[in-house]
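# Chains, contacts and geometry: an overview
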Amino acid sequence: MKTVLSIENIHKSFSVGFIPQKKEILQGITFSVAEGEIFGYLGPNGAGKTTTLKCVLGLIFPDKGTIELFGRPHLDPRAKERLGFLPENPYFYDYLTAREFLEFYGQLFGIKRHEREARIAALLKLVGMEKAAGLQLRKFSRGMLQRIGLAQALINEPSLVLLDEPLGGLDPLGRKEIRDVIIHLREEGKTVFLSSHILQDIEMICDRVAIIVGGRIMSQGRLADLISERILFTEVTISGVEEKELAGLGESLTAQAGRTLLKVFEEDKVQDILELVQKRHGRIHSLIPRTQTLEDLFVDMVRPQ
Amino acid sequence: MIIKVIALNTFKEAVRDRILYLLLFFAAVSILFSRVLALLTVGDRTKIVKDVGLASISLFGALMAILIGTGLVYKEIEKRTIFTLISKPIRRHEFLLGKFFGLALTLFVMLLSMSVIFLALVFFQTWTIEWRMLAAIFFIFVELILLTAVAILFSCFSTPILSSLFALSFYLIGHFSWSLETLIKKARPGATRTFLQALYTILPDLENFSLKTEVVHGLPIPVSHMLYSTAYGIVYSAFILALAILIFRKRDFI
Ligand SMILES: Nc1ncnc2c1ncn2[C@@H]1O[C@H](COP(=O)(O)OP(=O)(O)OP(=O)(O)O)[C@@H](O)[C@H]1O
Ligand SMILES: [Mg+2]
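Small disclaimer: the values here were computed from a predicted structure and weren't measured. (Residues numbered from 1 in each chain as written. Chains lettered and ligands numbered in written order. Predicted model: local features only at pLDDT ≥ 70, side-chain atom pairs only at ≥ 80, totals over all residues. Heavy atoms only, no water.)

### Some thoughts on the domain arrangement of chain A
Residue and element names in this part refer to chain A. Basically, it comes down to this: In this entry, domain limits derive from an automatic or database-based domain assignment. Any two residues whose heavy atoms approach within 4.5 Å at even a single point are treated as in contact. Put simply, buried area is the surface a 1.4 Å probe can reach on two separate parts but cannot reach once they are joined, added for both. Only one rule defines a salt bridge in this text: a Lys or Arg side-chain nitrogen within 4 Å of an Asp or Glu carboxyl oxygen. Each polar contact in these results corresponds to two N or O atoms within 3.5 Å; when the atoms are within protein, one needs to be able to donate a hydrogen and the other to accept it, and residues that are neighboring in sequence are counted only if both atoms are side-chain atoms. Where helices and strands are cited, they refer to DSSP runs of H or I of at least four residues and of E of at least two residues respectively, numbered from the N terminus. Under the grouping applied here, Gly and all other residues not named as nonpolar or charged are polar, the nonpolar ones being Ala, Val, Leu, Ile, Met, Phe, Trp, Tyr, Cys and Pro and the charged ones Asp, Glu, Lys and Arg.
Each assigned domain of chain A is listed with its residue range as follows: domain 1 (3–226) and domain 2 (231–302). Between the C-alpha centres of domain 1 and domain 2 the distance comes to 42 Å. Taken together, the contact between domain 1 and domain 2 spans 12 residues of the former and eight residues of the latter. Counting the surface domain 1 buries against domain 2, the share from its top three residues, L199, E203 and I211, is 45%. For the pair domain 1 and domain 2, the number of links is zero salt bridges. Where domain 1 packs against domain 2, one counts zero residue pairs in polar contact (both at pLDDT 80 or more). If you list the elements that add at least two residues to the side of domain 1 that touches domain 2, you get α7 (199–205), β9 (208–213), β10 (216–222) and α8 (223–226). If one sorts the elements of the side of domain 1 that touches domain 2 by residue count, α7 sits on top with three residues. Classifying every residue of the side of domain 1 that touches domain 2 by side-chain character gives nine nonpolar, two polar and one charged.

### Re the site of ligand 1
For clarity, the cut-off: Only a single heavy atom is needed: when it lies within 4 Å of a molecule or strand, its residue is near that molecule or strand.
In the vicinity of ligand 1 lie 16 residues, with G46(A), K49(A), T50(A), T51(A) and E88(A) positioned nearest. Neighbouring residues of ligand 1 are distributed over chains A and B. T51(A) places a side-chain nitrogen or oxygen 2.5 Å from an oxygen atom of ligand 1. Taking E88(A), its side chain carries an N or O atom lying 2.4 Å from an oxygen atom of ligand 1.

### Considerations on the nonpolar core
Note the threshold: The definition of a nonpolar core used throughout is a set of buried Ala, Val, Leu, Ile, Met, Phe, Trp, Tyr and Cys residues joined through side-chain atoms within 4.5 Å. Only protein chains enter the area calculation, which uses a 1.4 Å probe; residues under 20% of their type maximum are buried, those over 50% are exposed, and those in between are partly exposed.
Grouped together as the largest cluster of nonpolar side chains are 161 residues, with contacts concentrated most on L5(A), I148(A) and F193(A). Among the elements that line this core, the one with the most residues is helix α6 (residues 131–155) of chain B, at 17 residues. Inspection of this core shows a minimum of three residues originating in each of domain 1 (3–226) and domain 2 (231–302) of chain A. Apart from the residues lying within four places of it in its own chain, the contact partners of F193(A) are L5(A), F31(A), V33(A), F39(A), Y41(A), L53(A), L160(A), V161(A), L162(A) and L163(A). Counting residues in hydrophobic clusters, the runner-up holds 11 residues, among them V236(A), I238(A), L249(A) and I273(A).

### As for the packing of helix α3 (residues 98–108) of chain A against helix α5 (residues 142–153) of chain A
Residue and element names in this part refer to chain A. The condition is simple: Helix axes use the C-alpha atoms of the stretch in contact, all axes being lines fitted to C-alpha atoms, and the angles between their N-to-C directions lie in the range 0 to 180 degrees. In these notes the angle categories are as follows: under 35 degrees is roughly parallel, over 145 is roughly antiparallel, 65 to 115 is roughly perpendicular, and the rest is oblique. By convention, the crossing between two helices is left-handed when the near helix turns anticlockwise from the far helix through less than a right angle, and right-handed when the turn is clockwise.
Taken N-terminus to C-terminus, the directions of α3 and α5 make an angle of 25°; their axes are 9 Å apart at the nearest point. Here α5 runs roughly parallel to α3, going by the angle between their axes. Considering how the two elements wind past one another, α3 and α5 form a crossing that is right-handed. Residues A98, F101, L102 and Y105 of α3 form the contact with α5, whose participating residues are I148, A151 and Q152. A class-by-class count of the residues in the contact of α3 with α5 yields six nonpolar, one polar and no charged.

### Some remarks on the interface of chain A and chain B
Counting from both sides, the interface comprises 28 residues of chain A and, opposite them, 29 residues of chain B. Both sides together, the interface formed by chain A and chain B hides about 2700 Å², and carbon and sulfur atoms give 63% of it. A salt bridge links D252(B) to K12(A); its shortest N-O distance comes to 2.6 Å. Listing elements by their share of the side of chain A that touches chain B, those giving two or more residues are β1 (3–16), α1 (49–57), α2 (77–80), β6 (83–86) and α3 of chain A. In terms of residues, the side of chain A that touches chain B owes the most to one element, α3(A), which gives five residues. Looking at side-chain class alone, the side of chain A that touches chain B contains 18 nonpolar, four polar and six charged residues.

### Quick notes on unusual backbone geometry
Non-glycine residue E157(A) carries a positive phi angle of around 50°. Within the fold, E157(A) resides in the loop between α5 and β7 (160–164). Its identity as a non-glycine residue notwithstanding, R80(B) has a phi of 65°, on the positive side. Structurally, the position occupied by R80(B) is in the loop between α3 (45–78) and α4 (82–86). Owing to a relative accessible area of 34%, R80(B) belongs among the partly exposed residues under this scheme.

Structure, rendered in structure tokens:
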């Protein structure tokens, strides 16, 4: 697998306060993104996700460390030609209409007029903004800006797309649509780097993740490797069985309307419960094995801080 | 190519600024007011119109260059529109030069509008057009270019208000630095004189770009002076822009 983005041991500190004091925001970030994957960059608020992205884009200069894009130094315009970027809060020229806005970025890449028009039409369709093409960006809602921002990031048909919180500010349907767009990008062979603190989204679409907390990478790897497939416990909801009889089989959580919710840790005991229910002619309402989620992992990592 | 795209967008943005039209309005009022002044004076009335007219164009042009120029780069950083821009295959100097040429284009259009009013006024009084007036306007443009560069330089590292103050000081010092020359002549040779001479060399001399006296009083304008002033304007602007690029290149956009 080819590496499209490699970040090696970058450090960055900002001076803050009236009497400037150095505050180390990134404390040695190292990871790499392989071609064709969706890479999730996960971390709580203020962990340094946006700061890392700004280093990659050349908006700020790291104090130490190296960044390579497509095997070139990251500030090389030839590397940037193959890059797309959606900023965290979309700040754009608000006096332009959506079409003029895309036109402007298309021109910056030197895309020929004919080609440009075709791409703009396709992108407006992709992000569902065809109707708003003639509207000034100042009249856009937050979610609409997010969508047009995504279109802007794709104008040059980039090989690597960097998205900072791409699903922020979107309604549930919008989130699904954008998630679909991201998956579609991977199908086209593009690499997607997406930063987020919304676990659900990352869990659903990412191949690999890196978790950053307090300016350090706490963990990284394939999602499947990070989260154990082992069953942590099983949730069983039953009725028609006396609560006394269930003692020792599992942790009884609630008993409502004759139904009992049990948290069972050993798999043998699940079998025992089922047999018991059958003997007493009771009913099983649900049986859910719970595996570890990204959330469990994330909470474990963030909590000690 | 990239510079051109950014310049055109800058032009689009700048011509939306209301300050521009406010200044243009006052410039027009000021130019037309010279006609009223002329009526009130005895002697050569055309002289007054030319004098006040050229002075108005220069002053209001300078205010446009400074007030718009100092906000251009700062606004991009403040509003974070620069994020998406820098993430494209653009070098930072291309961004800065795009901004510079965009504002230069804006000022050119504004200067043209003011000149049309001025030249029409003079024409209806004298029924002739002097090429020397065009030369005077050309040098006002050269001066505005230099001021644009200065405004952009300051806006690379400070807020619009501070930058405007700096740039305005530059403008005022530039127009009064020639008085140092008189001072140098009066000073006795020695440390003071050397110091004044050094100061005079460093400080901008914007009077180089003023052909008002020559135009108003019908004095000859030596070609050598015009060549020298043009070269002076270009070299000085290039120097200021280079300085701006140097500062801008190493900046963090946070
Ligand atoms: N300009 C700045 N000056 C000083 N500190 C800053 C500056 N910008 C960011 N920081 C600090 O850097 C840290 C990381 O910020 P960053 O924006 O990278 O977080 P993030 O991971 O993107 O968070 P979020 O999920 O909220 O977007 C924060 O603690 C923040 O306070
Ligand atoms: Mg962020």
